[in-house]
Structures are given as C-alpha cells and as structure tokens.
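A structural walkthrough
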Amino acid sequence: MELNKDTIKQFFDDTAPYTWGFKKDVLNFIKVVTEKGYTPHFAMRCIAARRQAEIDQVNILEDVLEQWRKKAPKCPKCGGPMHLEPVNSKPSDQVPGSYKSIWFCANLMGCGYDELSKKSVSEWIKKFGIKSKLTVRPYNQYFELPKEAMDAANLPEDIDFTD
Ligand SMILES: [Zn+2]
C-alpha cells in the first residue's frame, strides 16, 4: 500500500480503538521478533498455535470437572456436592497424621462436613474413573493446522510486510 496523506489517515481511522501505547508496543514487538530472525508471520503463527493449545487445555479441564460433578460422592450429612483438596502436600496444608487429601462439603457455612483421607487426590480421581477423552495435541500439530489456529486467534492467515 502506498504511503500518502490519505492512506495514513485511513490507517489511523481503522486502528482508532487501539491506543498509541498499544501501537508502539506492537512496533516494538515486531522489531524484537525480526531482530531475532523470525518473520512477523512466524510470530503470529506461534501465538495462534499457543492460543489453540490453551483452548484445548481449558476444554480438557472443563471435561474433567463435569465428570467430577457427576461422579464425585455427595455429602453424607446434607447431600450437597463435595470438594476434594490435597493435604500434607505443602507447608500451608499440613494436618496431623499420614493423610493425603480431605473431602469437604461445598456448603462450608451451613454444613461444614469434612473427612480426611489417606488416598491422594490423583488416587481418588483414578478411583472414580475420571479421564478426559480429549487430549492436548502434540505441539507440532498446532503448526500443521495453521488455518484452524489462525481462525481461533482471529488473525489473518498472511500479511505482506514488505511494503
Ligand atoms: Zn454437607
């Protein structure tokens, strides 16, 4: 695109929602990236691939939590949902005895039921057969899916930075 009074005005009209500081950050980012030998297009593909990987991880976590809600035991006192947390895993969660986890009623104020367990959180998760059918793709697969990743990140597939 030719650089003239009209195209400069159009550029600033089109990018008006972005602050001057943000635009300077973008220029600085492109400068750092290109100085290290990457094209801006390569940088965009990396960012898009990482974003897709994060979306996959969130989907897996949501899948596991949904199975947890269905399979985890109910509170024996009030019938409400129970939470599970590790104990004796770090300085701030120490309890006496060789316990590895604690079940506690989600209704902390109204019910307050809790029970220590010698099984670890991961042993409990295994016991309930909770395992996501989703998997994080091998990292290079995100680069084999540039279109999908680009769409997810809402980035253009290619930009001509040569003019
Ligand atoms: Zn309860």
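Residues numbered from 1 in each chain as written. Predicted model: local features only at pLDDT ≥ 70, side-chain atom pairs only at ≥ 80, totals over all residues.

Right, let's get into the overall build of the protein chain. Counting its secondary structure elements, the protein chain contains six helices and three strands. Counting from the amino terminus, helix and strand elements in the protein chain follow one another as α-α-α-β-β-β-α-α-α. (Helix = DSSP H or I, 4+ residues; strand = E, 2+ residues; numbered from the N terminus.)

Look at helix H3 (residues 40-71): 47 Å from first C-alpha to last across 32 residues, which is about the 46 Å you get at 1.5 Å a residue. Along H3, the residues that are buried comprise Met44, Arg45, Ala48, Ala49 and Gln52. (Expected span 1.5 Å × (residues − 1). Buried ≥ 20, exposed ≤ 12 C-beta atoms within 10 Å, placed from the backbone.)

Our next topic: the environment of Pro81. Looking at the element boundaries, Pro81 is found in the loop between H3 and strand S1 (82-86). Using a count of 14 C-beta atoms within 10 Å as the deciding quantity, one classes Pro81 as partly exposed. The spacing of Pro81 and Phe104 is 23 residues in sequence and 8.8 Å in space, taken between C-alpha atoms. Discounting residues that sit within four places of it in the chain, Pro81 has contacts with Arg69, Lys74 and Ala106. (Contact = placed C-beta atoms within 7 Å.)

To continue, consider the confidence of the model for the protein chain. Summarising the model, the protein chain shows a mean pLDDT of 82, and 83% of its residues fall at 70 or more. Ignoring residues within four places in sequence, the model shows residues 153-163, a span with pLDDT below 50, making 13 contacts including any to other chains. (pLDDT = per-residue confidence, 0-100.)

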